[in-house]
Every structure is written in structure tokens, then in C-alpha cells.
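Secondary and tertiary structure notes
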Amino acid sequence: LERERLLARLPFSREGAKLLVLSGGGPHAQLAAHLAATLGNHHDASITVFHATATGAPAPDGRADAEFARIKSIAEMSGVQNILQHSGSGDSIAQAIIKESERGYDAIFAGASQIEGDYALGGEVLRELVASAQAPIIIVRNVGAAVPLRKILAPTTGAPFSRLGATLAMLYAHETDAAITALHIKEGPTLPVLRDLYRRRNAVEDGAPIVEELRQIAEQTGVDLQARVDSGGKTESAILNAAEKGGFDLLVMGVMFRPSERRLYFGPKVEYVLRNARCAFAVVVTPELTSTRA
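So, here's what we can say about the structure. (Residues numbered from 1 in each chain as written. Predicted model: local features only at pLDDT ≥ 70, side-chain atom pairs only at ≥ 80, totals over all residues. Heavy atoms only, no water.)

Next up on the list: the packing of aromatic side chains. The description of an aromatic ring pair rests on the distance of the ring centres and on the angle between the ring planes. Scanning the model with the defined rule gives one aromatic pair in all. Aromatic side chains F257 and F266 sit 6.4 Å apart centroid to centroid with 65 degrees between the ring planes, which places their arrangement in the edge-to-face category. The residue whose ring lies beneath K18 is Y105, and the NZ or CZ to ring-centre distance is 5.2 Å. (Phe/Tyr/Trp six-rings, centres within 6.5 Å; stacked < 30°, edge-to-face > 60°. Lys NZ or Arg CZ within 6 Å of the ring centre and 35° of its normal.)

The following block contains the structure:
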């Protein structure tokens, strides 16, 4: 039942899925297109590559067509045949994207912002989209690794939004035969005294049900999942350390958007990981699991 609930929120595995890929974002959008094509490579599925403009902006100068051609080529490498090109305008670029997103898409894939000075993944455009969209949004950062990505790390807290991120990672691993590791961190002291070692052992035992649940979902999805529980230190530092030492080339995290913030923000721990991870990154945001807290 849990697997069915998760897959219902990430409808990439069903035939006829309609996926939207935003063309803005350069290499980040290109990796987003690769993920969309890999996850949506099913009978009668379609990918729409959307170019947004603000009303009154200068007419396209050919760059949109060139970017569509690049994204189409990437998607075709994953076997997707039904790739569409569409453009639209609104009072702002964000409003144009939001209007397009209301046309019944099952998921939206976006590249991280390339504008220097933006927060970890994006600025006002992506913030408005995440705050308004009714479909899951996957925001991707590319670091130039070859695709398909071969080693995936999926940190999980056990919360519903976190399990969604791990499930998406498993779906990608299933389609590409990538190695995948689910990681749960129990924060705790780092000094190696006997009392702390005892606490660490208990923390690992406490985290076992969380990774075991993911193991069961992986079994039903047909994925060989490596699951581990680590304890001690800060969660964000432990995730980065695991990613670096393990040689992972993709981090996937289910995150919770905080709409009260004036920027695209998922909390201090996620922000720290996003800013410091050296590998590619994908965050999964689902509207029904968005926080309304300050």
C-alpha cells in the first residue's frame, strides 16, 4: 500500500504520462530532460519542452529552437519518441510557466537557475512555480557527469516527502541499472567515548525500520537497494561526507518547500547540502506535502 501511495504521487511509471520540461537552465535543464526521459520512457508517454517569455519581451532569436534541439536529442537517447515543443507568455516568465503547468501535466522538470547570486537551486521564477504548481516538481543541478548516472545516493529521514525522493531515485535506478544507496542519518555526539558508542548503536537500531521500509519498496520495484544507517555529527555534513567518499554522481532528496520564505528554500540542512555537494543533485517537491509553517 505504501508503494502504491508513493507511485501515485510520482506517476512516471504509468502509460500516457505527460511530463513538462522547462527549457531555461542550460546544462541543468538538459540533465532535467534526461531524468524526465528516463523516468517517462513508457508507452504513449509524452515530454513537452516549454520555452517561457514575458509579455512584451523581444521575439525569440533562435536560441529557443537550438535549446529544444539539444533537449530533444537527450530525450531521444533514452528512447522517448513523443517529444513536443511549446512556447507561451505571461505577465512574467514565472506566470507563463504556471499557466502552462495547469494543462494537466503529471510532473514538471526544471533545471536550477544559472543566475549568479541566486540561492542554492533557483530564484523567484522557480519559487513562484513551486508555490503554485499542482504537480510534482523535480529541480536538477548538473555538474557535467556522463549520463546515465551510475551511482545514486538517496538520503532519507523517513518523512513522507523524503520517501518520495528515495522512490524517484529507485525508479531511475531501475531504468538505468544504476547502483543506489539509501542513507538515514541519526544525529548525535561525535566523541568516541563508551557512552556515545552505546547511543550510536541505539540510534542505528532506531533508524533500521526507516531503511527497511525502503528495502521493501525497492524489492517490489525490482531494484537492488543498498541501505545503511549512520549516526553521529550533523546530518548535512554526514550526507556530504558519504557522497564524497562513496563517489556518488547523483544525490536525490525529497524536500519540503517553505512557502512563507521569500526565496526558494527547503530548510537550512538541505540548503547546506545543495551549496556544498560536488555531484549532480535532484530535489523532489510535491504540492500536497508542502509545509505551511513559518
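Scanning all chains against the criterion turns up seven salt bridges. A salt bridge links E67 to R70, with the nearest nitrogen and oxygen atoms 2.7 Å apart. Pair noted here: E67 and R70 are both in helix α3 (residues 63-77), with a separation of three residues, about one helical turn. Classification of R70 by relative accessible area gives partly exposed; the value is 42%. Put simply, E100 and R103 hold a salt bridge, and the shortest N to O gap is 3.3 Å. Taking relative accessible area as the criterion, E100 reaches 4% and is therefore assigned buried. (Salt bridge = Lys/Arg side-chain N within 4 Å of Asp/Glu carboxyl O. Helix = DSSP H or I, 4+ residues; strand = E, 2+ residues; numbered from the N terminus. Buried < 20%, exposed > 50% of the residue type's maximum accessible area, 1.4 Å probe, protein only.)

An order of β3-β2-β1-β4-β5-β10-β9-β6-β7-β8 is seen for the 10 strands of this open sheet, with the pairing classed as mixed. At either margin of the open sheet sits one strand with a lone partner, and together these are β3 (83-90) and β8 (225-231). Taking each pair of neighbouring strands and ignoring which way they run, the sheet shows an average axis angle of 25 degrees. Bridge analysis of strand β5 (residues 137-141) against strand β10 (residues 280-285) gives five bridges, and the strand direction is antiparallel. (Pairing = 2+ DSSP bridges. Axes fitted to C-alpha atoms, helices over the stretch in contact; angles between N-to-C directions.)

Here we take up the side chain of N142. Along the polypeptide, N142 turns up in the loop between β5 and β6 (151-155). A polar atom in the side chain of N142 sits 2.8 Å from the backbone nitrogen of G144. (Polar contact = N/O pair within 3.5 Å; in protein donor to acceptor, adjacent residues only side chain to side chain.)

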